Amino acid sequence: MPIGFTRLMYDEKVTNTYKTEPEPELNDREMSAPRGRVLGGCSSINGMIYTRGQRGDYDEWAALPGCEGWSYDELLPYFKRPEHFEVETGNPYHGNDGELNVTHVAMKYPITDVYMEAAESVGIKRLDDINGATQDGIGYMQVTMKDGCRWSSADAFLSPEVRKRPNLRIILNAAATRVLLDGKRATGVEYRDKKGNVHQARAAREVLLSAGAYNSPPLLEMSGIGRREALQAIGVEPIHELRGVGENLQDHIQLWVQYGVKTKKTLSEDGKFPKVVLNVLRYLFTKTGALAMPAANVGAFVSSEEGGRPIFQLHFTPGAGGMDEKGNMVATPEPGVNSTVCVIRPTSRGSVHARSCDPKEQPRIVHNYLSTEHDKKLSIEGFKLQRRIYESAVFQEHATQEILPGPSVQTDEEILDFWRREAMSTYHPVGTAKMGPAEDPEAVVDNELCVHGIEGLRVVDCSIFPLIPSGNTHAPVVAVADRAADLILGKPVLQAGA
């Protein structure tokens, strides 16, 4: 049930409910940083939004020293090959023969169209395909769903037929403790099963590390690879010093504005009794309705006042409210809608490091959100962008009053203080084992994702991103993994147009 993502993200049975260290620029708050601890990883607990980022993101990657081969034109075939785009065939920006089902969001409330018309009235153009030729504009989200249900990477790539392959063995309820090394060559992985017994899996060719931006660096550190001082802090003998391990952490943070509306046809109203009963029945029998809603049904990418390619991402949901500590949705008393904004190319950088050699102990995460003037300035502008849409004549015909934050937040300092009090992660951590040349002190892998200085070891996850993409991260992770498969197998790189 798609709407269930609000519970999954905080369910300790399937999620590592990590917390950051106190964030200095966010009033020393410890921020939630959940990661999926289940087959499919975060694609099994996320909001199901499928956005790829902008052409400029990947062209910037490829322009960096040591990142050749990762331009947009070179990556586009790898966005397309794993994709099954339900909406249409023959689209040059989408694939139809892959396993990852992508479709347009199905649930469309009338107030959603009002919001998009309001955005158009302030100069944001309408997009029919948010992953097409440009991301500059507003349109309905594309989502990883199929037949009204979540379609995770596990659904896509671990089908029953795949699980029967003789060269695949899936071990559940296990935690990797270290990469086994013979000198400077990776030879396997040590792991602990659910009873605490230690096992070793030996590699005939190479080890592929795909534990994510928060866990790949700590696993390298537990293996003796990383900053000498970080290894010594957890009592590990340094085998190979690689100072970039755990550095360069990037993420998006978001802040919302909620507005009251005159209509009762909203997601939050559909979640109240007695409508919720009807919506449960509707979902059970048709897999449609409010319970088939992803994290947002409309997205927008907007440039700053200074111009250039889009720097803000908006998510719009036709409902207002929040979540309690258990992930239960709590609607506002009156009908309302919600939009969030994030700066999609922040310059703030953080780090993640192992806290100990226990793989089940959460790593030490510091994002340093809003630590640069660039991020502060744009965060204030992005907040004002949301209000500009809501305060347009088009939207005001259907509006009552601002619910959150309300009239008490007006000046730039009050807006920045609201960010410090209320902002939350968009859960897009990347960059902590970044791609780059060996001479770059922060680079961990080369452009074939091989760890510098260690034979037979690659990292294949979002930690290799040198720069954060301008959007949600599931789609680029799948593309990077698909390209990595060709690199590992020694196959020719797919050509543009494939």
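Residues numbered from 1 in each chain as written. Predicted model: local features only at pLDDT ≥ 70, side-chain atom pairs only at ≥ 80, totals over all residues. Heavy atoms only, no water.

**Here's the deal with the overall build of the protein**
The number of helices and strands found in the protein is 14 helices and 25 strands. Oriented by its inertia axes, the alpha-carbon framework of the protein measures out at about 70 × 50 × 45 Å. Counting over 498 residues, the protein shows a buried share of 55%. Considering only contacts in the protein between residues 6 or more positions apart, those separated by 24 or more positions represent 67%. (Helix = DSSP H or I, 4+ residues; strand = E, 2+ residues; numbered from the N terminus. Buried < 20%, exposed > 50% of the residue type's maximum accessible area, 1.4 Å probe, protein only. Contact = heavy atoms within 4.5 Å.)

**As for the nonpolar core**
Residues Phe395 and Trp419 are the most contacted members of the largest nonpolar core, which totals 52 residues. Where this core is concerned, the elements lending two or more residues are helix H4 (110-121), strand E5 (137-140), strand E15 (253-261), strand E16 (298-304), strand E17 (307-317), strand E20 (336-343), helix H11 (373-390) and helix H13 (412-422). Dropping the residues within four chain positions of it, phenylalanine 395 is found in contact with Ile111, Val114, Tyr115, Ala118, Tyr259, Val261, Val337, Ile389 and Tyr390. Of all hydrophobic cores here, the second largest spans 50 residues; its members include Tyr50, Leu209, Val459 and Ala475. (Core = buried A, V, L, I, M, F, W, Y, C linked by side-chain atoms within 4.5 Å.)

**Here's the deal with the sheet that holds strand E4 (residues 100-104)**
In sheet architecture, strand pairing relies on hydrogen bonds along the backbone and comes in two forms, parallel and antiparallel. The three strands are arranged E3-E4-E6 in an open sheet whose pairing can be described as mixed. Both outer strands of the open sheet, strand E3 (83-85) and strand E6 (142-143), are each paired with one neighbouring strand and no more. Note that E3 and E4 share three bridges and pair parallel. Residue glutamate 83 lies in a different strand from E4, and its bridge partner there is leucine 100. (Pairing = 2+ DSSP bridges.)

**Quick notes on the pattern of salt bridges**
Taken as a whole and judged by the stated rule, the model has 29 salt bridges. Between arginine 420 and glutamate 25 there is a salt bridge, and its shortest N-O distance comes to 3.5 Å. With arginine 420 in helix H13 and glutamate 25 in the loop between strand E1 (15-19) and strand E2 (32-36), this residue pair connects regions lying 395 residues apart in the sequence. Given the relative accessible area of 24%, glutamate 25 is considered partly exposed. Notably, a salt bridge pairs glutamate 269 with lysine 272, separated by 2.9 Å at the nearest N-O pair. According to the relative accessible area criterion, glutamate 269 is buried, its value standing at 9%. Taken together, the salt bridges that share partners define one network made up of Arg227, Arg228, Glu229, Glu241, Arg243 and Glu247. (Salt bridge = Lys/Arg side-chain N within 4 Å of Asp/Glu carboxyl O.)

**Digging into the packing of aromatic side chains**
Applying the stated rule across the entire model yields ten aromatic pairs. Their ring planes at 15° and their centres at 4.1 Å tell us that tyrosine 115 and phenylalanine 316 sit as a pair that is stacked. Here the residue tyrosine 115 occupies a position in helix H4, and phenylalanine 316 occupies one in strand E17, the gap between them amounting to 201 residues. Of the two residues examined, tyrosine 115 and phenylalanine 316, each falls in the buried class. Between tyrosine 259 and phenylalanine 395, the ring centres sit 6.0 Å apart and the planes meet at 85°, which makes this aromatic pair edge-to-face. Taken together, the residues tyrosine 259 in strand E15 and phenylalanine 395 in helix H12 (residues 393-396) connect sequence positions 136 residues apart. By relative accessible area, which is 7% here, tyrosine 259 ends up buried. The buried category is assigned to phenylalanine 395, whose relative accessible area is 0%. (Phe/Tyr/Trp six-rings, centres within 6.5 Å; stacked < 30°, edge-to-face > 60°.)

**Comments concerning the sheet that holds strand E10 (residues 185-192)**
Here we have three strands laid out as an open sheet, ordered E9-E10-E11, and antiparallel in their pairing. Where the open sheet ends on each side, the last strands, each with one partner, are strand E9 (175-182) and strand E11 (198-202). Neighbouring strand axes in the sheet, compared pairwise and without regard to direction, differ in orientation by 30° on average. Note: E10 against E11, five bridges, orientation antiparallel. Across the sheet, residue tyrosine 191 finds its bridge partner in E11, namely histidine 199. (Axes fitted to C-alpha atoms, helices over the stretch in contact; angles between N-to-C directions.)

**Here's the deal with helix H3 (residues 72-80)**
Within H3, seven of the nine residues are buried, leaving the element largely enclosed by the surrounding structure. Tyr72, Leu75, Leu76, Pro77, Tyr78, Phe79 and Lys80 are the residues of H3 that are buried.

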